[in-house]
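Fold and contact review
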Amino acid sequence: MNRIAGGIVAVALLLGGWSAPSAQVVLKIGFVDFQKVIDSWPDAKRQIAKLEEQYTEVQADLDRMDEQLQEKKQQLEDRRGFYASKEEEEKQWEAYRAQAKEYLETFRTKRADLENQKKEMLEEVYNRVKAVVQDVAERHGYSFILRKRDLVYAVDQYDITGEVVAELEKRR
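The sections below set out a description of the structure shown in this document. This structure is a prediction, so every number in the text was calculated from the model and none was measured.

Looking at the overall build of the chain
Counting secondary structure elements, the chain contains five helices and two strands. Mapped in sequence order, the helices and strands of the chain form the string α-β-α-α-α-β-α. Within the chain, the fraction of its 172 residues that count as buried is 24%. Residue pairs at least 24 apart in sequence account for 80% of intrachain contacts in the chain once pairs closer than 6 positions are excluded. Accessible surface for the chain amounts to roughly 12200 Å². Of this, 52% is attributable to carbon and sulfur atoms.

Quick look at the environment of Ser85
The residue Ser85 is located in the loop between helix H3 (42–78) and helix H4 (86–139) in this model. Assessed through its relative accessible area of 28%, Ser85 is described here as partly exposed.

Topic: the packing of H3 against H4
Interaxial distance between H3 and H4 falls to 10 Å at its minimum, and their mutual angle equals 175°. On the basis of their axis angle, the class for H3 and H4 is roughly antiparallel. In terms of residue class, the contact of H3 with H4 is made up of 17 nonpolar, seven polar and 12 charged.

Comments concerning the packing of H4 against helix H5 (residues 161–170)
With their axes 9 Å apart at the nearest point, H4 and H5 run at an angle of 115° to one another. Seen along the crossing, H4 lies across H5 with a hand that is right-handed. Taken together, the residues of H5 that come into contact with H4 (itself represented by Arg128, Val129, Val132, Val133, Val136 and Arg139) are Glu163, Val164, Glu167 and Leu168. Classifying every residue of the contact of H4 with H5 by side-chain character gives six nonpolar, no polar and four charged.

Some points on a nonpolar patch on the surface
Among the surface-exposed residues, Val152, Tyr153, Val155 and Tyr158 lie close enough to one another that they form a single nonpolar patch of about 470 Å² accessible area. Relative to the helices and strands, Val155 resides in the loop between strand E2 (144–147) and H5.

Quick word on the side chain of Glu167
Relative to the elements of secondary structure, Glu167 occurs in helix H5. Take Glu167: its relative accessible area is 12%, and that puts it in the buried class. Among the polar contacts made by the side chain of Glu167, one reaches the side chain of Arg139 at a distance of 3.5 Å. Those residues in contact with Glu167 that sit more than four places away from it in its chain are Val132, Val136 and Arg139.

Examining the environment of His140
With respect to the element layout, His140 can be found in the loop between H4 and E2. Classification of His140 as partly exposed rests on a relative accessible area of 32%. Residues His140 and Ile160, 20 residues apart in the sequence, show an inter-C-alpha distance of 9.8 Å. Residues contacting His140, with those up to four places away along its chain left out, are Lys28 and Glu163.

Thresholds applied
All residue numbers here refer to positions counted from 1 along the written sequence of the relevant chain. Whole-chain, interface and lining totals are the exception, using all residues; otherwise, since this is a predicted model, local features are given only for residues with pLDDT of at least 70 and side-chain atom pairs are given and counted only at 80 or more. Only hydrogens and water are set aside; all other atoms, that is, all heavy atoms of the structure, feed into the side-chain values. To qualify as a helix, a DSSP run of H or I must reach at least 4 residues; to qualify as a strand, a run of E must reach at least 2; elements of each kind are numbered from the N terminus. Any residue under 20% of the maximum accessible area for its type is buried, any over 50% is exposed, and the rest in between are partly exposed; the area is computed with a 1.4 Å probe on protein chains only. Contact criterion: two residues are considered in contact whenever any of their non-hydrogen atoms come within 4.5 Å of each other. Here the accessible surface of atoms and residues is derived via Shrake-Rupley with a 1.4 Å probe, and residues count as covered only by protein chains that are part of the display. Between N-to-C directions, angles span 0 to 180 degrees; the directions come from axes that are lines fitted to C-alpha atoms, helices contributing only their stretch in contact. When an angle is under 35 degrees it counts as roughly parallel; over 145 it counts as roughly antiparallel; between 65 and 115 it counts as roughly perpendicular; any other value is oblique. By the convention adopted, Pro, Cys, Tyr, Trp, Phe, Met, Ile, Leu, Val and Ala count as nonpolar, Lys, Arg, Asp and Glu as charged, and the other residues, Gly among them, as polar. A clockwise turn of the near helix away from the far one marks a right-handed crossing, whereas an anticlockwise turn of less than a right angle marks a left-handed crossing. Exposure above 30% relative accessible area and the absence of a salt bridge qualify a residue for a patch, where like charges join within 9 Å and nonpolar side chains (Val, Leu, Ile, Met, Phe, Trp, Tyr) within 5 Å. We define a salt bridge as a side-chain nitrogen of Lys or Arg found within 4 Å of a carboxyl oxygen belonging to Asp or Glu. Whenever two N or O atoms come within 3.5 Å, that pair is a polar contact, provided that in protein one can donate a hydrogen and the other can accept it, and provided that, for residues adjacent in sequence, both atoms are side-chain atoms.

Quick look at the structure:
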């Protein structure tokens, strides 16, 4: 944030502070609330809901696998000492450990896949919003558009969030 603010001040000084009075450049700075845009935009809501549904399905699968694993462990513990031989008991525990290892690998893989899907989806949404922000900014002659979350204070008249949401709706 400090880099952004410092950069804006430097550009403002370069463009406005050291030039001749007749050549002054007026900077128009606006802001957008990206979270509000995403919360207000049905396409983003739909994609987020789809991702949450996938998370729920994966979690249900993982919960089911975990339950089976816990049942298998309990059965092994209940039968401890009742196997025909020590080798048979060890064989059963080895099968359990292999199943537990498979569960952990499945857990890691599915979580990583979901995280990648989430990252790709958010990147796609961000790029679409960013393109609309740029179009709105250019149309209204803004020199800079900042994220609202990075601002300490801003006058609402420079908020282009509503226009960005409306433009996204038009582009459906």
